[in-house]
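# Analysis of the macromolecular model
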Amino acid sequence: MSLVKSIGKQKVNLDFNKDFINLFTQKIKQKDIQFINQTLDDLHAADVADLIENLDTESRNKLIEIEAFNIEPEIFIELNESLQSEVLILLTPDSVAKILRKLESDNALQILEKIDEEKKQKVLDKLTPQDRFLLEEGLSYPEDSAARIMQREFTAVPVSYTHLRAHETSLHLVCRLLLE
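This report concerns the structure included in the present document. (Residues numbered from 1 in each chain as written. Predicted model: local features only at pLDDT ≥ 70, side-chain atom pairs only at ≥ 80, totals over all residues. Heavy atoms only, no water.)

### Things to note about the environment of Gln26
- By the element assignment, Gln26 lies in helix 1 (residues 18-29).
- On a C-alpha basis, the gap between Gln26 and Ser59 in space is 8.7 Å, while along the polypeptide they are 33 residues apart. (Helix = DSSP H or I, 4+ residues; strand = E, 2+ residues; numbered from the N terminus.)

### Quick word on the packing of helix 7 (residues 93-101) against helix 9 (residues 117-125)
- Closest axis-to-axis distance for the helix 7/helix 9 pair is 8 Å, and the angle between their directions is 60°. Classified by the angle their axes make, helix 7 and helix 9 are oblique. When you trace helix 7 past helix 9, the crossing you get is right-handed. Facing helix 7, whose interface residues are Pro93, Val96, Ala97 and Leu100, helix 9 presents Lys119, Lys122 and Val123. (Axes fitted to C-alpha atoms, helices over the stretch in contact; angles between N-to-C directions. Parallel < 35°, antiparallel > 145°, perpendicular 65-115°, else oblique. Left-handed = near helix turned anticlockwise from the far one by under 90°. Contact = heavy atoms within 4.5 Å.)

### Describing helix 6 (residues 81-90)
- Within helix 6 the residues assigned to the buried category are Leu83, Gln84, Val87 and Leu88. Looking down the long axis of helix 6, one finds its buried residues gathered within 140° of arc, a one-sided arrangement. Turned more than 90 degrees off the buried face of helix 6, the exposed positions are Ser82 and Ile89.
- Looking at the buried positions of helix 6, the neighbouring elements they touch are helix 3 (45-54), helix 4 (57-65), helix 5 (73-76), helix 7, helix 8 (105-112) and helix 9. (Buried < 20%, exposed > 50% of the residue type's maximum accessible area, 1.4 Å probe, protein only. Arc of directions from axis to C-beta.)

### Focus: the nonpolar core
- Among the nonpolar cores identified, the biggest contains 42 residues, and Phe24, Ile71, Phe76, Leu91 and Leu100 are the most heavily contacted of them.
- Each residue touching Phe76, except ones within four places of it in the same chain, is listed here: Ile71, Gln84, Val87, Leu88, Leu91, Ile99 and Ile111. (Core = buried A, V, L, I, M, F, W, Y, C linked by side-chain atoms within 4.5 Å.)

### Regarding the packing of aromatic side chains
- By the definition in use, this model includes two aromatic pairs.
- Measuring from centroid to centroid gives 6.3 Å for Phe24 and Phe35, while their planes differ by 50°, and the two rings are tilted. On the criterion of sequence distance, the pair formed by Phe24 in helix 1 and Phe35 in helix 2 (residues 33-41) is long-range, its members being 11 residues apart. Of the two residues, Phe24 and Phe35, neither departs from the other in class, the shared state being buried.
- Taken together, the ring pairs in this structure connect Phe20, Phe24 and Phe35 into an aromatic cluster.
- Positioned above the aromatic ring of Phe35 is the side chain of Lys27, whose terminal nitrogen or guanidinium carbon lies 5.3 Å from the ring centre. (Phe/Tyr/Trp six-rings, centres within 6.5 Å; stacked < 30°, edge-to-face > 60°. Lys NZ or Arg CZ within 6 Å of the ring centre and 35° of its normal.)

### Some words on the packing of helix 9 against helix 10 (residues 129-139)
- Where helix 9 meets helix 10, the axes come as close as 10 Å, and the angle between the chain directions of the two elements is 150°. Residues Lys120, Gln121, Leu124 and Asp125 of helix 9 lie in contact with helix 10, whose contacting residues are Arg132, Leu135, Glu136 and Leu139.
- When its residues are assigned to classes, the contact of helix 9 with helix 10 shows three nonpolar, one polar and four charged. (Nonpolar A, V, L, I, M, F, W, Y, C, P; charged D, E, K, R; others polar.)

The structure is reproduced here in structure tokens:
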């Protein structure tokens with residue numbers, strides 16, 4: 001896949017274009033957050049993850065350490081797992097909590113498992129009581145158990161609903177979710 005993007009007057013191919021990677025690396029070193037955010041805002045999350053993965057380790061670390069740069073959850077989950085672990089070390093507990101808030105509980109648990117205990121507690125302290133409870137409950141189960149890896153969220157239907165009425169309600173919920 002080749003993604004061509006206009007950056008100012010320059011057209012660049014984001015896949016394997018060393019000139020663009022070098023330009024982006026230079027902007028990171030200069031802490032040109034306006035350029036960085038403008039570039040990343042115009043790209044799909046998977047493309048941003050590819051860009052981050054193509055940076056050298058030093059540039060990637062500097063990008064993450066820039067105070068005004070926030071890695072969005074959609075980008076984070078697109079990163080390969082080993083890179084996620086590297087990034088988690090650099091992120092503040094606030095940044096990790098921001099990512100977790102926007103993820104389903106099963107994905108959030110996978111991220112929490114990669115964090116050391118001290119930082120994990122700090123991250124959990126930043127979450128709402130409901131989110132914290134769901135994640136702590138998930139963490140309480142054995143590591144590879146079904147209870148640990150399944151989503152904690154669910155929809156309940158009152159017992160008084162008939163089968164047909166419950167089916168209509170479920171269909172209504174699905175339609176509503178698709179429209180959101």
